[in-house]
Amino acid sequence: MPEILRVAVPVPLPQLFDYLAPRGALPQPGCRVLVPFGPGRQVGIVVGSAGDSELPRNKLKPVSAVLDAQPLLGTELLATLMWAARYYQHPLGAVLETALPVGLRQAKPLPLDGYRALTLSAEGRETAADTLRRGTRIRELFERLADGPLTYAALDLAIPRWRDSATALRQRGLIETIAIAVSQAVSEPVPAPPLNAAQDAAVTRVAAALDRFQAWLLEGVTGSGKTEVYLGLIERVLAQGRQALVLVPEIGLTPQTLRRFRDRFGHRVHALHSGLAEAERSRAWLAAARGEANVILGTRSAIFAPLPKLGLIAVDEEHDASYKQQDGFRYCARDLALVRARSLGIPVVLGSATPSLESLANAAAGRYERLELPLRAGSARPPQLRIVDARRTRLSHGLGPELLTALRATLARGEQALIFRNRRGYAPVLLCHDCGWHADCERCAKPMTLHRQRGRLVCHHCEAERRVPVQCPECGGTQLMPQGQGTERLEEALGELFPQTPIVRIDRETTRRRGALEALLDRLGPHQSGIYVGTQMLAKGHDLPNLTLVAILGVDEGLHSIDFRASERLGQLIIQVAGRAGRAEKPGSVLLQTHHPDHPLLTTLLRGGYRALAQSLLAERRAAELPPYAHLALLRAEAKDAIAPQEFLTACAEAAGNADGVALLGPLPAPMPLRAGMTRSQLLFSATERARLQAALPGWMELWRQLPTARRVRWSLDVDPVDLY
Ligand code: ADP
Ligand code: ZN
Ligand code: ZN
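Conventions used here
- Residues numbered from 1 in each chain as written.
- Chains lettered and ligands numbered in written order.
- Predicted model: local features only at pLDDT ≥ 70, side-chain atom pairs only at ≥ 80, totals over all residues.
- Heavy atoms only, no water.
- Donors = N, O, S within 2.8 Å, 3.2 Å for Na, K, Ca; no water.
- Tetrahedral: all angles 85-135°; square planar, octahedral: opposite > 155°, others 65-115°.
- Pairing = 2+ DSSP bridges.
- Helix = DSSP H or I, 4+ residues; strand = E, 2+ residues; numbered from the N terminus.
- Axes fitted to C-alpha atoms, helices over the stretch in contact; angles between N-to-C directions.
- Buried < 20%, exposed > 50% of the residue type's maximum accessible area, 1.4 Å probe, protein only.
- Contact = heavy atoms within 4.5 Å.
- Phe/Tyr/Trp six-rings, centres within 6.5 Å; stacked < 30°, edge-to-face > 60°.

Visitor: I would appreciate a short explanation of the coordination of the zinc ion (ligand 2) in the present structure.
Guide: Octahedral metal centres with six donors ideally show angles of 90 or 180 degrees, and tetrahedral centres with four donors ideally show 109.5 degrees. At this site the zinc ion (ligand 2) is bound by Cys432 (SG), Cys435 (SG), Cys472 (SG) and Cys475 (SG), with donor distances of 2.3 Å. For the zinc ion (ligand 2), the 4 donor atoms are set out with angles of 105 to 113 degrees between them, so the coordination reads as tetrahedral. For the zinc ion (ligand 2), all donor residues lie on one chain, and their spacing in sequence is C-x2-C-x36-C-x2-C.

Visitor: What should I look at first to understand the sheet that holds strand E12 (residues 295-298) in this one?
Guide: Each strand in a sheet pairs with its neighbour through backbone hydrogen bonds, running either in the same direction (parallel) or in the opposite one (antiparallel). What the 7 strands build is an open sheet, ordered E11-E12-E10-E13-E14-E9-E15; its pairing is parallel. Edge strands, defined here as strands with exactly one partner in the open sheet, are strand E11 (269-272) and strand E15 (368-373). Along the sheet, successive strands turn relative to each other by an average axial angle of 20 degrees, direction set aside. Both strand E13 (residues 310-315) and strand E14 (residues 347-352) contribute to a ladder of 3 bridges, which runs parallel. Bridging from a neighbouring strand, Ala314 pairs with Val349 of E14.

Visitor: Please explain helix H2 (residues 92-99) as it appears in this structure.
Guide: Think of an α-helix as 3.6 residues a turn; residues three or four steps apart then line up on the same face. The buried count for H2 comes to 6 of 8 residues, which makes it a mostly enclosed element. Looking only at H2, the buried set comprises Leu92, Gly93, Ala94, Val95, Leu96 and Ala99. Residues of H2 that are buried in the fold lie against strand E1 (4-8), strand E4 (40-50), helix H1 (75-87) and helix H10 (278-290).

Visitor: What is the right way to look at the packing of aromatic side chains in this model?
Guide: Within a pair of aromatic rings, the relevant descriptors are the distance that separates the centres and the angle that separates the planes. In total, this model carries 12 aromatic pairs according to the counting rule given. Relative to Phe37, the ring of Phe17 lies with its centre 5.0 Å away and its plane at 90 degrees, an arrangement referred to as edge-to-face. Within this pair, whereas Phe17 is found in strand E2 (residues 17-20), its partner Phe37 is found in strand E3 (residues 32-37), the two being separated by 20 residues in sequence. Here a set of aromatic residues connected by ring pairs shows up, and it is made of Trp83, Tyr87, Tyr88, Phe304, Phe329 and Tyr331.

Visitor: Just to check I follow, could you spell out the coordination of the zinc ion (ligand 3) for this structure?
Guide: Listed as protein donors to the zinc ion (ligand 3) are Cys441 (SG), Cys444 (SG), Cys459 (SG) and Cys462 (SG); their distances from the metal cover 2.2 to 2.4 Å. Every donor counted, the 4 donor atoms about the zinc ion (ligand 3) form angles of 107 to 111 degrees at the centre, which fits tetrahedral coordination. The motif formed by the donor residues of the zinc ion (ligand 3), counted along the single chain, is C-x2-C-x14-C-x2-C. A residue pair is termed long-range when its members are at least 10 positions apart, and Cys444 in the loop between strand E19 (440-441) and strand E20 (446-447) and Cys459 in the loop between strand E22 (456-458) and strand E23 (465-467) qualify at 15 residues. Overall, Cys444 belongs to the buried group, its relative accessible area being 2%. Residue Cys459 is classed as buried on the basis of its relative accessible area of 0%.

Visitor: What am I meant to see in the pairing of E4 here?
Guide: Every other side chain in a regular strand lies on the same face of the sheet, so the side chains alternate between the two faces. In terms of strand pairing, E1 meets E4 through 5 bridges, oriented antiparallel. Opposite Arg6, over in E4, you have Gly48 as the bridge partner. Here E3 folds back onto E4, and the loop between the two strands holds 2 residues, one of which, Gly38, carries a positive phi near 55 degrees.

Visitor: Would you mind going over unusual backbone geometry with me for this structure?
Guide: Note: most residues except glycine have negative phi, and most peptide bonds are trans. Between Pro627 and Pro628 the backbone carries a cis peptide bond, its omega angle lying at 5 degrees. Geometrically, the link from Gly666 to Pro667 is a cis peptide bond, its omega value of 5 degrees lying close to zero. As for its placement among the helices and strands, Pro667 is situated in strand E30 (residues 663-675). Although it is not a glycine, Glu317 adopts a positive phi angle of roughly 50 degrees. Within the secondary structure, Glu317 is located in the loop between E13 and helix H11 (333-344). Even without a glycine there, the phi angle at Asp720 is positive, about 55 degrees. Along the chain, Asp720 turns up in the segment after strand E32 (714-719).

Written as structure tokens, this is what we have:
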């Protein structure tokens with residue numbers, strides 16, 4: 001008779017904890033329980049039950065409360081999470097905590113069923129609209145609600161920033177929130193466009209194999225209509241009464257994307273991402289668990305959505321680095337998509353114009369089936385990419401004559417241009433012209449970026465800030481010169497060069513507020529001329545039909561990075577940014593300005609496109625025994641103490657000893673040896689067979705945790721790291 005519950009508790013300890021089960025029915029695995037822990041209580045998840053424990057019975061405490069009658073996490077999801085905890089060597093309790101929305105990690109009853117909607121209150125129905133100021137958003141919202149209740153989802157689409165207005169109306173007691181049943185919330189679907197031959201072939205092939213696991217690599221040039229392929233497949237999956245999960249990169253989940261899915265499938269499409277308010281996230285999560293939401297569109301963490309009837313997973317822009325979590329539980333959502341699809345026996349579609357080398361290698365090895373969309377959808381043609389040699393030309397604020405000529409011509413035709421520079425701020429360096437001093441972050445030993453509008457120097461590595469000095473702290477000189485261009489400086493320069501032209505800057509600074517990115521992208525109408533300037537936030541998202549020129553600046557820095565993935569990333573970024581040009585009827589051109597026009601990365605990309613670049617990079621990786629031809633785990637350690645990390649990692653390396661088929665590199669200082677005041681070192685493990693590394697890691701983790709030096713550093717293991725810094 002099992003009376004002991006094995007519970008995963010959200011603490012950074014690897015083991016499960018045993019508690020006495022309450023009398024009566026045993027809570028099933030996946031149910032939440034409130035348990036005494038240390039001096040307080042924690043919400044844990046039941047993972048299993050047992051007849052006895054390693055601890056004597058009188059040491060065991062009973063659970064304080066069972067929070068769910070039915071498991072919150074289904075069998076498949078719980079199994080995937082347990083698998084992930086083992087694979088990434090992360091405590092199960094902490095893994096489960098990452099998977100659950102914050103709202104459900106607390107010992108509170110689950111929120112309302114159905115869809116939340118706004119409606120006029122009794123008082124609101126008695127109130128005339130004229131009592132509200134004409135022309136305001138508040139009045140607009142009130143008038144809409146006078147026609148009947150609207151779901152939050154519908155409001156998101158209809159009225160920008162309606163929540164602020166709702167707060168105002170709620171304070172006056174004029175409106176209230178109600179829950180609407182699912183059946184009332186459906187809308188008229190927008191029909192699909194007829195698919196072109198390649199799209200149709202892709203949909204047909206996958207649709208013929210919906211009942212089994214298969215990974216598909218959907219390789220489609222930018223603008224080829226990959227999304228239509230996902231939509232077409234989802235339609236078939238829904239027709240079988242099943243659910244679909246679509247993952248998009250962090251910057252890919254715009255209201256425009258959501259609208260496209262909702263237009264097709266109505267309001268049973270739910271978004272799941274970190275930008276949602278807590279309660280909304282819990283609600284979407286529960287709607288998925290109950291099967292009310294049949295399409296979940298989300299970012300990285302949506303891979304943990306509970307979907308009892310899941311029939312398809314699509315991962316858009318599968319190469320995107322945002323699928324990998326960079327701290328805590330360092331999982332890769334794309335890789336977990338494969339794990340879930342396999343355990344459910346369903347297809348997973350990985351889509352990209354620039355697939356990761358991992359996926360290309362998997363396709364080449366026959367593990368993934370390839371689907372190709374070689375042409376742009378509709379009448380759009382591929383953009384022409386050209387290298388502009390910046391050597392010996394006169395640059396005006398970083399812009400060469402050829403680029404300026406093209407820019408003028410574009411604007412003269414009434415079209416739009418995009419200037420891409422992957423550096424926010426005004427200038428990457430502030431230099432003293434008299435003595436050569438430059439403003440460095442003391443905590444990182446790297447130059448601080450000048451943000452001129454804010455009047456601050458900002459460290460982009462640790463976010464440290466300080467006022468811009470008026471005098472050089474070394475020599476007292478006053479000639480402090482900004483070196484190089486960030487987006488803020490480009491915006492200023494373009495404003496001087498083209499005073500009549502609207503200029504829209506898009507970077508993390510200008511898009512901080514919720515909805516700001518959308519508003520900025522809408523600033524220029526489809527028939528208006530103007531210039532966008534910005535960082536990689538511009539690489540994906542909106543369709544801008546009047547955008548015909550893309551100018552790419554500052555790639556030279558990326559050509560000299562020591563990270564082994566730098567070339568792959570740069571190639572992907574160039575192709576993605578270039579893909580913004582000429583997405584509608586008007587043809588697009590792309591100019592890439594560089595001081596290294598003969599660099600093999602650029603010439604290969606130009607002559608053979610991303611395919612050719614990927615081929616040559618794969619050959620390099622194979623020769624150097626790097627991923628995808630080797631499997632890595634990176635052990636990082638950092639401390640205020642300058643030698644503790646190195647000492648700890650040396651002890652780790654000794655404890656690991658010689659493992660069969662696993663090579664050790666290090667300990668070495670990290671590529672960024674100092675960050676936020678911490679000295680950083682690392683130890684890299686590499687194996688040509690993944691299983692060898694996986695077999696060795698659990699035992700090592702055990703040994704490392706017990707090392708006396710472990711307490712003097714902050715350390716973590718990163719399995720399949722994407723960044724080695
Ligand atoms: P991708 O995701 O491959 O970059 P999208 O799916 O966003 O491409 O499609 C690019 C553009 O082409 C969109 O404006 C889309 O509406 C349009 N499009 C896609 N497929 C078709 C089609 N079969 N017929 C007409 N237009 C299409
Ligand atoms: Zn000086
Ligand atoms: Zn810093």
